[in-house]
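# An overview of the molecular structure
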There are 4 protein chains.
Amino acid sequence: MAQRGVNKVILVGNLGQEPETRYLPSGGAVTNISIATSETWKDKNSGQMQERTEWHRVVFFNRLAEIAGEYLKKGTKVYIEGALRTRKWQDQSGSDRYTTEIVASEMQMLDSRGGAGGGSDDGFSGYDQMPEARGSAPAPAASSSAPSPSPAGSDFEDDIPF
Amino acid sequence: MAQRGVNKVILVGNLGQEPETRYLPSGGAVTNISIATSETWKDKNSGQMQERTEWHRVVFFNRLAEIAGEYLKKGTKVYIEGALRTRKWQDQSGSDRYTTEIVASEMQMLDSRGGAGGGSDDGFSGYDQMPEARGSAPAPAASSSAPSPSPAGSDFEDDIPF
Amino acid sequence: MAQRGVNKVILVGNLGQEPETRYLPSGGAVTNISIATSETWKDKNSGQMQERTEWHRVVFFNRLAEIAGEYLKKGTKVYIEGALRTRKWQDQSGSDRYTTEIVASEMQMLDSRGGAGGGSDDGFSGYDQMPEARGSAPAPAASSSAPSPSPAGSDFEDDIPF
Amino acid sequence: MAQRGVNKVILVGNLGQEPETRYLPSGGAVTNISIATSETWKDKNSGQMQERTEWHRVVFFNRLAEIAGEYLKKGTKVYIEGALRTRKWQDQSGSDRYTTEIVASEMQMLDSRGGAGGGSDDGFSGYDQMPEARGSAPAPAASSSAPSPSPAGSDFEDDIPF
DNA sequence: TTTT
DNA sequence: TTTT
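Residues numbered from 1 in each chain as written. Chains lettered and ligands numbered in written order. Predicted model: local features only at pLDDT ≥ 70, side-chain atom pairs only at ≥ 80, totals over all residues. Heavy atoms only, no water.

Chain A appears in an unreviewed UniProt entry as Single-stranded DNA-binding protein from Ketobacter alkanivorans. Taken verbatim from the UniProt record of chain A, the Subunit (unreviewed entry) comment is "Homotetramer." (UniProt positions renumbered as here; feature names shortened; annotations may be inferred.)

The helix and strand inventory of chain A stands at one helix and eight strands. Scanning chain A from its N terminus toward the C terminus, one meets helices and strands in the order β-β-β-β-β-α-β-β-β. Total accessible area on chain A is roughly 6,900 Å²; 47% of this is exposed by carbon and sulfur atoms. (Helix = DSSP H or I, 4+ residues; strand = E, 2+ residues; numbered from the N terminus. Areas by Shrake-Rupley, 256 points an atom, 1.4 Å probe, with all protein chains shown as cover.)

Residue and element names in this part refer to chain B. A positive phi is found at N62, a non-glycine position, where the angle reads about 55°. By secondary structure assignment, the location of N62 is in helix α1 (residues 62–71). Residue N62 is classed as buried on the basis of its relative accessible area, which comes to 6%. (Buried < 20%, exposed > 50% of the residue type's maximum accessible area, 1.4 Å probe, protein only.)

Of all residues in chain A, 70% have pLDDT values of 70 or greater, and the mean over the chain is 77. Note on residues 137–162 of chain A: pLDDT is under 50 here. Beyond four places in sequence and across chains, it has 87 contacts. (pLDDT = per-residue confidence, 0-100. Contact = heavy atoms within 4.5 Å.)

In this section: the side chain of B:D111. Residue and element names in this part refer to chain B. Inspection of the secondary structure puts D111 in the loop between β7 (96–109) and β8 (132–134). Note on D111: relative accessible area 17%, which makes it buried. Within the local environment of D111, its side chain forms a polar contact with the backbone nitrogen of K77, the two atoms lying 2.7 Å apart. (Polar contact = N/O pair within 3.5 Å; in protein donor to acceptor, adjacent residues only side chain to side chain.)

Attention shifts here to the side chain of A:R52. All names here are of chain A. Checked against the element boundaries, R52 lands in strand β5 (residues 49–61). Owing to a relative accessible area of 8%, R52 belongs among the buried residues under this scheme. Separated by 2.3 Å, the side chains of R52 and E54 make a polar contact.

The next subject is the pairing of strand β3 (residues 20–23) of chain C. All names here are of chain C. Judged from the four bridges that link them, β3 and strand β4 (residues 29–42) form a sheet pairing that is antiparallel. Across the sheet, residue T21 finds its bridge partner in β4, namely T31. Linking β3 to β4, which pair antiparallel, is a turn of five residues; within it G27 sits at a positive phi near 100°. (Pairing = 2+ DSSP bridges.)

Below, the discussion takes up the environment of D:R4. Along the chain, D:R4 turns up in strand β1 (residues 2–4). Taking the C-alpha atoms as reference points, D:R4 and D:Q108, separated by 104 residues in sequence, lie 26 Å from one another.

Two side chains that carry opposite charge are able to pair once their charged atoms sit near each other. Per the counting criterion, the structure on display carries 36 salt bridges over all chains. Where A:K8 meets B:E81, a salt bridge forms, and the shortest distance between an N and an O atom there is 3.0 Å. Here A:K8 is found in strand β2 (residues 6–15), whereas its partner B:E81 is found in strand β6 (residues 77–90) on a different chain. Since its relative accessible area comes to 10%, A:K8 is described here as buried. Residue C:E101 is joined to C:R87 by a salt bridge in which the shortest nitrogen-to-oxygen separation is 2.8 Å. Taken together, the positions of C:E101 in strand β7 (residues 96–109) and C:R87 in strand β6 (residues 77–90) put the pair 14 residues apart, joining distant regions of the chain. (Salt bridge = Lys/Arg side-chain N within 4 Å of Asp/Glu carboxyl O.)

Glancing now at the pairing of β5(A). Residue and element names in this part refer to chain A. Pairing of strand β4 (residues 29–42) with β5 involves 13 bridges; the strand directions are antiparallel. Along β5, the bridge assignment pairs I33 with V58. Pairing of β5 with strand β7 (residues 96–109), which is carried by two bridges, proceeds in the parallel orientation. Within β7, the position partnered with V59 by the bridge is V103.

Attention now goes to the environment of C:V103. Residues and elements named next belong to chain C. Note that V103 resides in strand β7. Judged by relative accessible area, which is 3%, V103 ranks as buried. Along the chain, V103 and F61 lie 42 residues apart, while their C-alpha atoms are 8.1 Å from each other.

Here's what the structure looks like:
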């Protein structure tokens, strides 16, 4: 609820594999995806182009997890906003391990209309059925949620500007 | 509630004057502040240092507006997260004018404890009483709100990592 | 070169019209685009869905301006990173007017490869020919430029992690 | 130099300990810091306030590394902008480990004037001597660098707006 | 109008 | 003026 400091991550990348959704004892959904970003540069010594791909583990909770699990696919390009979280866990030998993930609070699909006019027999056509959403807490039985910046009431007229 | 595209602004700057709070007919608070950011560079021709200050109009609604109106002061350094909104209005001659503002959805005071050891007889000491908050909609009688990134439930233990 | 405070804008939206490129006396290119972001919400009173579209003026300089002018088209979805700048100008009656723009420092095209394997007879296939770039200053005869986050040298091996 | 996708992190937090600077064989500086962000929330079941602190490993290269090593101290509040990078390394038993860090590309000190009028006998008074900077690549012998958004040339007059 |  |  309250934040001290700022912990914000913004990613745009493509899913490297299908999302994985599981359910907590509380019933809340948890979906994990892995998305890639990459950078290329020319090596100063060899003059050769180099490429480096970074993989990001992203986790969604609750309603966002359900949406992500349903609409995201391997290869989908997504915009993700979230926060860094490093989890501690034990490997088989009992020693501590740490994994850093992005806990998503917002997601938007960036691919256009489900594939150039063809196919998509599940009827999903891009932005029509929930391809964007705001997150909520992974707390037990938490509901989805989502307010914020948001529309001006009738007290503030807002027209097309320029 | 739903966003198509991303419209995000992040600012860190100082208030140029005292915040101004007013109330809508609905009872909701609206606070305006103006904050400065600046950049300096060396002019290529003259070799002289140049400075340019940018002023940003920021508007808060509802609960955030009350907090901003109460805790921010002229000179305060703040972190603001919000969205761009261009409002249309008419000047005295009836011609259209446009003003672009940042509708704040999150705010954090960045100054440390209440001001150089002196005064501050209201007992406010920096981070102790609400110096950070999340926004909600300027809709009539909207409540404050605030979900997001958020705490891990007991299903995910999270300790100090390194 | 030096920044006091933070002045950052992140946008993802579609161009409402073709980019407009012009050249400064110095020879530097300047490209303007207008991109839309929108939000929808259910009105509390009427229960009706509402939509509000926000239009953002974005300006590119120099190399980025050339790339934007060449590759962006009406309808293109783009990621933009930049800074807010409010310009003062005089209208025909000589009175002061202000226009707020986003001075782009980074741009990425988000549309996928010109349509699922078909067509695209101009040979442009998405990411292959410059659809992303970093900006530089609008200073006279400024060159393009662009370092930052960046690749790890051989001192830091970086492989695929998970 | 070129980015495919977006990999951006924005942090505001305090250093948990003194920065650690070392030098690569190439002569380039590398500074590591650890900064904390935290969030508090009320537990739904117990009604108790909970707090969770997240620690972020941040690494600076070259010129930024020198500045960070010189000016940042334990407790300093900083704004960091950077990119996520997961490094692979081997522990003593030879098994693979991964560490995720933020490679800083921009840094700003947010603490005000060196301590409320008192002390600071090194003469450092906040923003006067390099408390903000942009990063460059960790490549061998890389120089510092860094342009971007940036000042308008004389072709664009930019005055105080409102 | 801030801040350095 | 875009997009869904």
